[in-house]
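This is what each chain is made of:
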Amino acid sequence: MKFSWVHISLGLVCLVILAACGDLDYYVHCASGHLSLMSKARPIDEVMADPHVNADERRQLEKVLEIRNFASSALSLPDNKSYRNYADIQRPYVVWNVVAAPEFSLEAKQWCFPFAGCVSYRGYFDQSGANRLALHLTEEGFDVDVYGVQAYSTLKWFDDPVLNTFLNGDELSIAALIFHELAHQVVYVPGDTAFNEAFAKTVELEGLKRWVLKNSDIEQWQKCLVKEDRREVFQGFLAETRDTLKAIYREPFSIAEKRSRKQAVLEQAHQRFQDLLAQSPEYSAYESWMSRGLNNARLASVATYYELVPAFRALLAKHEGHFQPFFAEVSDLGKLPKDVRLARLKSLTNAQFALLTSP
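Remember, predicted model here, so these are calculated numbers, not experimental data.

*Asks:* Please give an account of the pairing of strand E7 (residues 143-149) that cites residues and values.
*Replies:* Burial within E7 is extensive, with 5 of its 7 residues counted as buried. The pairing of strand E3 (residues 95-101) with E7 spans 7 bridges and is antiparallel. When the bridges of E7 are listed, Trp 96 appears paired with Gly 148.

*Asks:* Tell me about the sheet that holds E3, residues and numbers included.
*Replies:* Strand pairing in a sheet relies on backbone hydrogen bonds, with the paired strands running either antiparallel or parallel. On the basis of which strands lie adjacent, the open sheet formed by 3 strands has the order E6-E3-E7 and antiparallel pairing. In the strand order of this sheet, the two ends are held by strand E6 (122-124) and E7, each with one partner. Across the sheet, the axes of successive neighbouring strands diverge by a mean angle of 25°, strand direction being ignored. Sitting on the sheet, helix H5 (residues 127-139) touches E3, E6 and E7, and the angle it makes with E3 is about 10°.

*Asks:* Can you tell me about the environment of Gly 334, naming the residues and giving the values?
*Replies:* In this structure, Gly 334 sits in helix H13 (residues 323-334). Taking the C-alpha atoms as reference points, Gly 334 and Val 189, separated by 145 residues in sequence, lie 5.8 Å from one another. In contact with Gly 334, not counting residues within four places along its chain, are Val 189, Phe 195 and Arg 341.

*Asks:* Summarise unusual backbone geometry; cite the residues concerned and give the values.
*Replies:* Look at Gln 90: it is not a glycine, yet its phi comes out positive at around 60°. Within the fold, Gln 90 resides in the loop between strand E2 (85-87) and E3. One non-glycine residue, Lys 156, lies in positive phi territory at about 75°.

Analysis parameters
- Position numbers for residues start from 1 in each chain and track the written sequence from start to end.
- The predicted nature of this model means local features are confined to residues of pLDDT at least 70 and side-chain atom pairs, given and counted, to a pLDDT of 80 or more, with totals for whole chains, interfaces and linings taken over all residues.
- Excluding hydrogens and water, the side-chain values take into account all heavy atoms of the structure.
- The rule is simple: take the accessible area with a 1.4 Å probe, protein chains only, and divide by the maximum for that residue type; under 20% is buried, over 50% is exposed, in between is partly exposed.
- The way it works is that DSSP assigns letters per residue, a run of H or I at least four long becomes a helix, a run of E at least two long becomes a strand, and they are numbered from the N terminus.
- In this scheme, strands are said to pair when DSSP sees at least two bridges between them.
- Helix axes are fitted to C-alpha atoms over the stretch in contact, other axes to C-alpha atoms as well, and angles between N-to-C directions run from 0 to 180 degrees.
- What makes two residues a contact is simply this: any of their non-hydrogen atoms within 4.5 Å.

See the structure below:
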C-alpha cells in the first residue's frame, strides 16, 4: 500500500486529536504503533503473487477477498479499500485492551477522547504497556482484565488492512472479523461502546448466517446454530452472575461482607460452569476464557458486546433482514440522547422478531 505524505500527516493529526485527553507518551505510542502497522500493508493480489507466500496462506487470502466482496454485495457494508490489503505484523494480536471496574461495581472505567467519545477500554500496541497500566489500576483497587484483540477499526480514517492475526482462525472467524469491523464504519456513536459493539456483533452474526447459506451448506449452518445456542446459554449464565453481584453491591453491607459475598458468587459461577461442561463437552470452547478467572472487569467487558444484541436482532428482523433500512434506523437511534436510544432498544424483544433461525 502506498501513502502520500498528506495522507500520513492527516492520520497523525487525527490520532493525536483522538488521544489529546491522554498523556503524551500514550498518544505517541498509538500514532507510531498504527503507522508501523500501515507501513507493512500490501495489496492482497500482490501478496498472493509473491512466490515466498505458502499455498495455505495464499488460499486463505483468496478466501478473504471473497468474504470482503460478499460483505459489500450481500450485506450492504462499505465498498472501499478496507480489508483489501494485507499486513503481517508478526504477533498474535494487534492490540491488547485493558478494562477496569471498581471492586464493587460492574460499571467499567471510561477513557474519553474527542470524536471517539468515551470507551470502556484502553488499547496498547504492545502487551507490556497494557500490563503496566493493569498493574497500576490493580494497585488502585480496581478489578482488571487484559485481553488481546485481533482487529480494530479506524472508522474510515485509514484503509484498514487484513492482518496475520485474522488468519489464525478458520474461515468463519475471518468472516466474523471482517463483517464486525466494517459494521463500525457504517454506524459509530461516540461515547457508547455497548451500542457500537452490539450493533457490530449483530451484523457479524447475520453476516455469518448468510455467508454459510450462500453455499447452501445447511449442515454447517446447523452447526452454527448449535454453537449460537451454547453461546446464548453461556452469556445467560454470565448475565445471571452479573445480576447477583449487582444486588450485593447495592446492599449496605460492610466492605468485608461485600468482599466475602462477591467471592462466594464468583466461586459458585465457576462451579456452575463445571456443571455446564458436565452437560456438554462443547462448552469447553469457553474453558480457556473461564480459566483466567472472573472479576467485575471481565464480566463488564462481555456485557459490552452482547447485552444489546437481542434488541438489534429484533430491529433487523423488523426490516425483514434488509440491511440498508436497518442501518438507517440504527443511525437515527445513534442521534438520540443515550438514555432515549437505550430505552427504545430495550423495548424490542427477541421473541417478537425471531430472525436467527433455521432456514
